[in-house]
Amino acid sequence: MKISPLQKARYEYTPKLPGMLRNGIAEISVKEGEATQSVADQEKIAELFPNTYGKPEITFIKGQNTAADKKQVVGVILSGGQAPGGHNVVSGLYDALKATNKDNVLLGFKGGPSGLLEDKYIEMTDEYIDQYRNTGGFDIIGSGRTKLETPEQFAVAAEVCKKHGITAIVIIGGDDSNTNACTLAEYMAANNTGVQVIGCPKTIDGDLKNEDIECSFGFDTATKTYSELIGNIERDANSAKKYWHFIKVMGRSASHVALECALETQPNICLIGEEVAAKKMSLSEIADYIADSVEKRAANGDNFGVAIIPEGIVEFVPEFSVLIAEINELLAGEKTEEFNALPSWDAKYEFIKAGLTKESMSVFEILPQGIQQQLFLERDPHGNVQVSLIESEKLFAALVADKLAERKAAGTYTGKFATQHHFFGYEGRCAFPSNFDADYCYSLGYNAFMLIQYGFNGYLSKVSNLSKPAEEWVAGGMPITKMMNMERRNGKDKPVIRKALTELDGAPFKYFEAHRDQWAVETAFLFPGAIQYYGPASVCDITTRTLALEKGE
Ligand code: FBP
């Protein structure tokens, strides 16, 4: 296989472990903390997780290793969307497992959770793992979005574990995957299978975090990648001075990615979904807000700019989410076929007009035709509109153009408004992990094995104090039940990990809020440049602005 010079060089990189994990396996001991309880709905969660609820948090410290010396066969699964660093979680896990006992075995289940159910796996070897060290992607074993959640699936999983003598499963995933890891852990304990389940916090979206988990892995590299590109576009915009760039960035629901990119690049506009929802902003108000910046900049002779739009924005605009719900109803079941059989867009439009409420129709009417059609063409397997496929960068550009046309007619705006549209998402999910993600992920994997070795079940691998150099990081574990609460999902109350949305009273948003009016008018662009892997730690090892601000730095 031909490999790039950077990939070759990255093979040589030695990820940094937290200081307390650096003394060798024989000198890692465990310190138990207080018993824990769930973030909310304690009684209900305790009742649903009798075997895994209320366990103590633990920290690894330097000391005599007292873990039982049994042979471990560990299965690992990558679940959900790719996030840079996943390969290092697997290699950290592998290295710790082999350093403990060279007869230990690591099986990688292929293609996500379905690999476990279908018993499709590969056994990891030095040679195989070495090809993937410090590289991006999940191609080491592949990933998938099958949910492991029913008792029937758990029974199959337990059978597969029994067949291979598996003693522990490590699930590398986001909030939903770790919710399922928690339920699987409870099942394994309740059925005396002897199989432990450990989770690792992954997602570029950055919405799996709380007072214990400081960030999910992949967020650092993905946002640095998008910020590099946004900075490059800002410089292009400032050179040519003729385009407004509307840039949509990934993040299915929460706006953490958009906010971090804004902190890194200081664009003229960045929308934050959570704020739009809190202020109940309509599409028209958002368009006016952006148009105000365009108009003020035009008055200064600056007919260019950059606006960042979070992917999940449309779900946060109250009138838009009502429209989407009505469209889902309108096309429920067989009505989709009836709609698709209509001969022309005009006929379809009449069908839509007859089916939507007056309020939703008034929202629908102001959308560009391309977006109107997207709302009806793209459906997920459950029959829902796939909001992530809505080109909101084009939607807002078009709405702003309409506002500016009105202002021009009224004589208040005389500038030029030419737009370019971009979507940054998949570009960032498989980048070579930054040093931070390479170190953090390797530590999460290494630490996951320590949790296994000490017999913990239903724990999330936890590495904290992340804004400090790796030497000062703290490694340990936290019962997943601690992050759970009850939420309404598909018409039922379910125990789930609470998703972390952008906090409007949090330091990252407050910083943005304090500066955005200036950024909206001036050209205050910041150019972060490409991720640096070699050079001074002040450039190569810096983490996100979000983490630094959250830590008061
Ligand atoms: P995870 O929550 O599984 O980490 O995935 C996040 C994400 O990258 C979102 O940002 C994006 O909306 C979605 O995955 C895209 O999913 P897909 O890869 O299935 O198109």
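Not measured: the values here are computed from a predicted model. (Residues numbered from 1 in each chain as written. Predicted model: local features only at pLDDT ≥ 70, side-chain atom pairs only at ≥ 80, totals over all residues. Heavy atoms only, no water.)

### Observations concerning the site of the ligand
- Around the ligand there are 13 residues in total, and G81, D205, E311, Y426 and R429 lie nearest to it.
- Between the ligand and G81, the relevant distance is 2.8 Å, taken from an oxygen atom to a main-chain nitrogen or oxygen of the residue.
- Here the ligand loses 80% of its free accessible area of 490 Å² to cover by the protein chains.
- Within the shell around the ligand, the residues separate by chemical class into three nonpolar, four polar and six charged. (Near = heavy atom within 4 Å. Polar contact = N/O pair within 3.5 Å; in protein donor to acceptor, adjacent residues only side chain to side chain. Areas by Shrake-Rupley, 256 points an atom, 1.4 Å probe, with all protein chains shown as cover. Nonpolar A, V, L, I, M, F, W, Y, C, P; charged D, E, K, R; others polar.)

### Let's talk about the confidence of the model for the chain
- With 99% of its residues at a pLDDT of 70 or more, the chain has an overall mean of 94.
- The ipTM assigned to the predicted complex is 0.97, against a pTM of 0.95. (pLDDT = per-residue confidence, 0-100.)

### Things to note about the side chain of S255
- Tracing the chain through its elements places S255 in the loop between β8 (244–249) and α9 (256–265).
- A distance of 2.9 Å separates a polar side-chain atom of S255 from the backbone nitrogen of G273.
- In contact with S255, not counting residues within four places along its chain, are I272, G273, E274, P310 and T502. (Helix = DSSP H or I, 4+ residues; strand = E, 2+ residues; numbered from the N terminus. Contact = heavy atoms within 4.5 Å.)

### Thoughts on the sheet that holds β8
- If you trace the four strands from one edge of the open sheet to the other, you get β9-β10-β8-β11, paired in parallel fashion. The two strands at the open ends of the sheet, each matched to only one other strand, are β9 (269–270) and β11 (419–424).
- In this sheet, β11 lies alongside β8 in parallel orientation, the contact comprising six bridges. Note that in β11 the partner of I247 across the bridge is H422.
- Against the sheet, α9 makes contact with β8, β9 and β10 (305–310), and its axis sits at roughly 155° relative to β10, the strand it touches most. (Pairing = 2+ DSSP bridges. Axes fitted to C-alpha atoms, helices over the stretch in contact; angles between N-to-C directions.)

### So, helix α13 (residues 318–330)
- In this model, α13 (13 residues) spans 18 Å end to end at C-alpha, consistent with the 18 Å of a helix rising 1.5 Å per residue.
- Buried within α13 are the following residues: F320, L323, I324, E326, I327, N328 and L330. (Expected span 1.5 Å × (residues − 1). Buried < 20%, exposed > 50% of the residue type's maximum accessible area, 1.4 Å probe, protein only.)

### With respect to the sheet that holds strand β13 (residues 474–479)
- Sheet architecture is open: nine strands sit in the order β1-β2-β13-β12-β7-β6-β3-β4-β5, paired in mixed fashion. Two strands in the sheet have a free side with no partner beyond their single neighbour: β1 (28–35) and β5 (121–123). Across the sheet, the mean angle separating the axes of adjacent strands is 25° when strand polarity is ignored.
- With two bridges joining them, strand β7 (residues 196–201) and strand β12 (residues 459–464) adopt parallel strand pairing. Paired with G199 across the two strands is L460, which belongs to β12.
- On the sheet, helix α20 (residues 435–453) packs against β1, β2 (56–62), β3 (73–78), β6 (168–173), β7, β12 and β13 and is oriented at approximately 135° with respect to β12.

### Considering the packing of aromatic side chains
- Summed over the entire model, instances satisfying the criterion amount to 20 aromatic pairs.
- Consider the rings of Y128 and Y132, whose centres lie 5.2 Å apart with planes at 50°: the pair is tilted.
- Classification of Y128 as partly exposed rests on a relative accessible area of 22%.
- Residues Y349 and F364 carry aromatic rings whose centres are separated by 5.9 Å and whose planes lie at 45° to one another, so their mutual orientation is tilted. One end of the pair, Y349, is in helix α15 (residues 345–355); the other, F364, is in helix α16 (residues 358–366), with 15 residues separating them in the sequence. (Phe/Tyr/Trp six-rings, centres within 6.5 Å; stacked < 30°, edge-to-face > 60°.)

### Regarding the environment of V197
- Residue position: V197 is located in strand β7.
- For V197 and T36, which are 161 residues apart along the polypeptide, the C-alpha to C-alpha distance reads 18 Å.

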